[in-house]
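Residue-level structural notes
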Amino acid sequence: MCGIIGILGKHEVSPQLVDALRRLEYRGYDSAGVATVDAGGRLDRRRAVGKLINLSDRLVHEPLRGHAGIGHTRWATHGAATEANAHPHRHGPVAVVHNGIIENFRELRDELIAAGIQPQSQTDTETVALMTGRHMEQGLSPVEAARATLARLRGAFALAFLFQGETDLMVVARKGSPLAIGHGAGEMFVGSDAVALAPFTDRITYLEDGDHAVLTRAGAQVFDGDGSPVARRETRIDVGATAIDKGGYRHFMAKEIAEQPVVIGDVLNHYVKGDRIVLPDGLDFAGVDRIALVGCGTAHLAGHVARYWFEQLAGLPCDIDVASEFRYREPPLSAQSWFVAISQSGETADTLAALHYARDHVARTVGLVNVGTSAIARDSDIALPTLAGIEVSVASSKAFTCQLTVLAILALKAAHDRGRIGDADLARHLADLRRIPGLMQQALDLSDDCRVLSEWLSQAQDVLYLGRGALFPVALEGALKLKELSYIHAEGYASGELKHGPIALIDRDVPVIVLAPHDALFEKTVSNMQEVMARHGQILLLSDRAGIAAAGDGPHATLCLPEGGGIFQPILYAIPMQYLAYHSAVARGTDVDQPRNLAKSVTVE
Ligand code: M6R
């Protein structure tokens, strides 16, 4: 899940490569590098460990000239984040950038070592450069050499090759990992996604699996997996080249949390007209016998919340799974079932693979994606945009609540199509949903309280989150957010599960965050709270006015959420989860928008 970029341009290409890498940094930020070919055909590279800024600084002191270049931002898979492991990898006359994993690299590397070629890094990618360089040294042309290497590779890859002495040539290839070719006027581009290419062109050709292409400034010749020339469609993609800024907030995450009332309003305006739900034709649940909701991380948890809605409102059996398990579980599917892939980026390798599994097993597929140009959007029968706008912070916030809102609308549509609710009930539930943006606006006022509570939370080594019903997955999401942002160990549990093991962890040093609106399950959760307090556990109770009054003065602290939103209240409870994690991270001085070891888009399995 690295980001790659390549440009055959008209100007000095290093600044353009760095600009494009900035737009790809969500894919990884362990190291970055660029390679260029200058007017005299000299291939050279610069690499730096850590954030892109380190590479930019280096280029100021050691500039690279040339109008042809490739660049890379790395999320380390094979080998630590060192300069030697940073891309581009080079061997003699070739430099290579790669996103993905070469699964047979050990075997290939052993062959190279046996031939007397010594790798300089621990990466799988270097093998590609070593093999291609060797082929060229043996007399193959650059294109032939790249092809000979590609024929030996197993695994997932998006690759760009640049060659010494070739000022107007680049070879690119994809299998598994996405790759977009951009067409300019007398310039050509390639990138991991159209967003990276947006400042240069909106004319995009997506390579298909197994394709490779030979690029010159005059255009791209594309070849399919058999090596036959093939035409791939050029489309115009509007992703906007505007600069992405923090809008006065200290972090992107703070901005994105605050945007939620507006973007949820956008989702509702898009999918709900009066008391009617407007979804693409073909999305009818009347004859559907099962639905599978699949995603990774936060997106999976959105599906987990929605399961309660699909089952309770629509009486529709609903499977949820993490995408990495779904396809290997080999679940039986049928033409009467819907498979819903949930993904902010739309590029998550596991979710994409699960979608392909569902498609191959005849289920009808829906891609619930925030990035409308993504692979999951393109490969689904029906793509539903979640309309959160660009989410920059690696930790998901507004993308999650937008996913929840679209899923809520889908569940209501399913309930209505299946005759489980009539027009009046549909209108009542839609009215609840329409209240969410306003209630969220009130919930945003909890930021200061969350900041104060985070001074306490940020001292903890472990934190437990408890919830029942649809609040259970929100508790899981709260724990995930705290872990990824503040690096504090946190676990989410179904409240009723506490006494079956986790209660052994309770002492006065383990904060327990309880999500319990004053609803039908409240009394049961209060009993679980008593069990914690009897063992000197310190409770932070999130509830509404009635719940906080009913809980008495036992909790260590409380956060009062507004009432309303009906069955869709979990959307509201996401906000304090986000703020508690955000402020704890700020208190601990971690890198809020780009937490260690993470990447926004995970394009390797
Ligand atoms: O782009 P996706 O929604 O498919 O990404 C899935 C997960 O990688 C993502 O939700 C991850 O868990 C976030 N960092 C959560 O904040």
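In this text the structure is predicted, and so the values were computed from the model without any measurement.

**Here's the deal with the sheet that holds strand β22 (residues 462-467)**
What holds strands together in a sheet is hydrogen bonding between their backbones, with the strands either parallel or antiparallel. Read across the sheet, 5 strands follow the order β23-β22-β24-β25-β26 without closing on themselves; strand pairing throughout is parallel. Edge positions in the sheet fall to β23 (489-494) and β26 (557-560), since each has one partner strand and no second. The mean angle between the axes of side-by-side strands here comes to 20°, regardless of whether they run parallel or antiparallel. As judged from the 4 bridges shared by strand β25 (residues 538-543) and β26, these two strands associate in the parallel manner. Each bridged residue has a counterpart across the sheet, and for Ser543 the counterpart in β26 is Cys560. On the sheet, helix α15 (residues 447-457) packs against β22, β24 (511-515), β25 and β26 and is oriented at approximately 150° with respect to β26. The strands touched by helix α19 (residues 569-588) within the sheet are β22, β24, β25 and β26, with β25 carrying the most contacts at an inclination of about 140°.

**Considering the environment of Arg420**
Structurally, Arg420 can be placed in the loop between α13 (398-417) and α14 (423-444). Through-space distance from the C-alpha of Arg420 to that of Gln312 is 9.7 Å; in sequence the pair is 108 residues apart. Residues within four places of Arg420 in sequence aside, it is in contact with Gln312, Leu313, Ala314, Gly315 and Ala415.

**Some points on the packing of aromatic side chains**
Counting across every chain of the model gives 6 aromatic pairs. On the basis of an interplanar angle of 5° and a centroid distance of 6.4 Å, the ring pair of Phe161 and Phe163 is categorised as stacked. For the pair Phe161 and Phe163, one class covers both residues: buried. Taken together, Phe326, Phe339 and Tyr357 form an aromatic cluster joined through their ring pairs. Looking at Arg596, its charged tip hangs above the ring of Tyr487, at a distance of 3.8 Å from the centre.

**Considering the site of the ligand**
The environment of the ligand is made up of 13 residues, and the closest members are Ser343, Gln344, Ser345, Thr348 and Glu484. Between an oxygen atom of the ligand and a main-chain N or O atom of Thr298, the distance comes to 3.1 Å. At a separation of 2.7 Å, an oxygen atom of the ligand approaches a polar side-chain atom of Ser345. Within the complex, the protein chains bury 91% of what would otherwise be the 410 Å² of accessible surface of the ligand.

**Here's the deal with unusual backbone geometry**
Of note, the bond from His87 into Pro88 is cis; its omega dihedral lies within 30 degrees of zero at -5°. Looking at the element boundaries, Pro88 is found in the loop between β4 (68-74) and β5 (89-91). Although it is not a glycine, Leu387 adopts a positive phi angle of roughly 60°. Along the polypeptide, Leu387 turns up in the loop between β21 (382-385) and α13. One non-glycine residue, Asn597, lies in the positive phi region at around 70°.

**Comments concerning the UniProt feature "domain: Glutamine amidotransferase type-2" (unreviewed entry) in the protein**
Per the UniProt record, "domain: Glutamine amidotransferase type-2" (unreviewed entry) is found at residues 2-218. In the segment residues 2-218, helix accounts for 26% and strand for 33%; the C-alpha atoms at its two ends are 28 Å apart.

**Description of the environment of Val272**
Among the structural elements, Val272 can be located in strand β15 (residues 272-273). Residue classification places Val272 among the buried residues on the basis of a relative accessible area of 10%. Sequence separation between Val272 and Arg90 is 182 residues; the distance between their C-alpha atoms is 54 Å. With sequence-adjacent residues up to four places away left out, Val272 is seen in contact with Ile409, Leu430 and Arg434.

**As for the UniProt feature "domain: SIS" (unreviewed entry) in the protein**
Taking the UniProt record as the reference, the feature "domain: SIS" (unreviewed entry) is found at residues 279-420 and 453-595. Annotated as 44% helix and 20% strand, the span residues 279-420 places its first and last C-alpha atoms 18 Å apart. Overall, residues 453-595 shows 42% helix and 19% strand. The separation of its end C-alpha atoms is 21 Å.

**So, the pattern of salt bridges**
The final tally for this structure, using the stated rule, is 29 salt bridges. We note a salt bridge from Arg217 to Asp168, for which the minimum N-O separation is 3.1 Å. With Arg217 in the loop between β12 (212-216) and β13 (219-223) and Asp168 in the loop between β7 (155-163) and β8 (170-175), the pair connects residues that are 49 residues apart, well separated along the chain. For Asp168, a relative accessible area of 31% gives the class partly exposed. Bridged by salt links that share partners, the residues Arg42, Asp44, Arg46, Arg58, Glu62 and Glu83 form one connected network.

Here is what the cut-offs are and how they apply
- Residues numbered from 1 in each chain as written.
- Predicted model: local features only at pLDDT ≥ 70, side-chain atom pairs only at ≥ 80, totals over all residues.
- Heavy atoms only, no water.
- Pairing = 2+ DSSP bridges.
- Helix = DSSP H or I, 4+ residues; strand = E, 2+ residues; numbered from the N terminus.
- Axes fitted to C-alpha atoms, helices over the stretch in contact; angles between N-to-C directions.
- Contact = heavy atoms within 4.5 Å.
- Phe/Tyr/Trp six-rings, centres within 6.5 Å; stacked < 30°, edge-to-face > 60°.
- Buried < 20%, exposed > 50% of the residue type's maximum accessible area, 1.4 Å probe, protein only.
- Lys NZ or Arg CZ within 6 Å of the ring centre and 35° of its normal.
- Near = heavy atom within 4 Å.
- Polar contact = N/O pair within 3.5 Å; in protein donor to acceptor, adjacent residues only side chain to side chain.
- Areas by Shrake-Rupley, 256 points an atom, 1.4 Å probe, with all protein chains shown as cover.
- UniProt positions renumbered as here; feature names shortened; annotations may be inferred.
- Salt bridge = Lys/Arg side-chain N within 4 Å of Asp/Glu carboxyl O.

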